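# Structure at a glance
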Amino acid sequence: MIRIPRPTALAVAVATSLAAAALVAALLSWRPSSMVSVVLALLCVLLAMIAGVAATDVRQRREEGRSGADSEPAQWPGRPASGGVDADTLEALDSRDALRAVEERRRASGLSDR
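## Considerations on the overall build of the protein chain
Secondary structure assignment for the protein chain yields four helices and zero strands. Burial status across the protein chain gives 13% buried among its 114 residues. Entry remark: accessible area of the protein chain is about 9800 Å², with carbon and sulfur atoms responsible for 60%.

Below, the structure written as structure tokens:
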């Protein structure tokens, strides 16, 4: 069984942008006045969105290549580096005593939001 190679993001961006441009040209030259024009216009929008997402993927991969693969991911602004309480932890803690203990540990480690 032969595997078909997956197209790169650049190939997807080029192909879908050409297909969207061809659909726009067909709509402008043919000018159908029925449901066909609506379907073609929606297909054109879909292809343009796919092209935009693929082009963004290409750009992000190029920027990641420049910055290096060994760099750490950026932290969210305003988020403590470690020791924070996430939503899953809060959901698991249903007693007030457990929540109070988590808050005391955060204050003791100096990770308070204030």
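There's plenty left to go through after this.
## Remarks on the nonpolar core
Within the largest apolar cluster, six residues are counted, these being Ala20, Leu23, Leu27, Leu40, Cys44 and Leu47. Those elements that provide at least two residues to this core are helix 1 (9-30) and helix 2 (35-67). When near neighbours in sequence (up to four residues on either side) are disregarded, Leu47 contacts Thr16, Ala19, Ala20 and Leu23.

## So, the side chain of Thr16
Along the chain, Thr16 falls in helix 1. On the basis of relative accessibility, which here comes to 11%, the residue Thr16 falls in the buried class. Leave out the neighbours within four places in its chain, and Thr16 touches Leu47, Ile50 and Ala51.

## Here we look at the environment of Ala19
Within the element layout of this structure, Ala19 appears in helix 1. With 24 residues separating them along the chain, Ala19 and Leu43 place their C-alpha atoms 9.7 Å apart.

## Observations concerning the pattern of salt bridges
A full pass over the atoms with the stated rule returns two salt bridges. Here Arg61 makes a salt bridge to Asp57, at a shortest N to O gap of 3.1 Å. Of this pair, Arg61 and Asp57 both sit in helix 2, four residues apart, which is roughly one turn of that helix. In this structure, Arg106 and Glu103 form a salt bridge, with 3.8 Å as the shortest nitrogen-oxygen distance. Taken as a pair, Arg106 and Glu103 lie in helix 4 (residues 96-109) at a separation of three residues, close to a single helical turn. Accessibility expressed as a relative area gives 13% for Arg106, which makes it buried.

## Regarding the layout of surface pockets
Computed from the structure, the second largest pocket encloses a volume of approximately 150 Å³. Residue lining of the second largest pocket: Pro7, Thr8, Ala9, Leu10, Val12, Ile50, Ala54, Asp57, Val58 and Arg61, and that is the complete set. Secondary-structure elements contributing two or more residues to the lining of the second largest pocket are helix 1 and helix 2. Considering each element in turn, the lining of the second largest pocket owes the most residues, five residues, to helix 2. Here the residues of the lining of the second largest pocket sort into seven nonpolar, one polar and two charged.

## Considerations on the environment of Thr89
In this fold, Thr89 is placed in helix 3 (residues 87-92). Sequence separation between Thr89 and Leu99 is ten residues; the distance between their C-alpha atoms is 9.7 Å.

## Describing helix 4
End to end, helix 4 covers 20 Å across 14 residues, agreeing with the expected 20 Å (1.5 Å per residue, within 8%). Within two residues after helix 4, Gly110 carries a phi angle of roughly 80 degrees, on the positive side.

Analysis parameters
- Residues numbered from 1 in each chain as written.
- Predicted model: local features only at pLDDT ≥ 70, side-chain atom pairs only at ≥ 80, totals over all residues.
- Heavy atoms only, no water.
- Helix = DSSP H or I, 4+ residues; strand = E, 2+ residues; numbered from the N terminus.
- Buried < 20%, exposed > 50% of the residue type's maximum accessible area, 1.4 Å probe, protein only.
- Areas by Shrake-Rupley, 256 points an atom, 1.4 Å probe, with all protein chains shown as cover.
- Core = buried A, V, L, I, M, F, W, Y, C linked by side-chain atoms within 4.5 Å.
- Contact = heavy atoms within 4.5 Å.
- Salt bridge = Lys/Arg side-chain N within 4 Å of Asp/Glu carboxyl O.
- 1 Å grid on protein atoms, 1.4 Å probe; cavity = no way out; pocket = protein on both sides within 12 Å on 5 of 7 lines; lining within 4 Å.
- Points joined across faces, edges and corners; volume = space filled by probe spheres on them.
- Nonpolar A, V, L, I, M, F, W, Y, C, P; charged D, E, K, R; others polar.
- Expected span 1.5 Å × (residues − 1).

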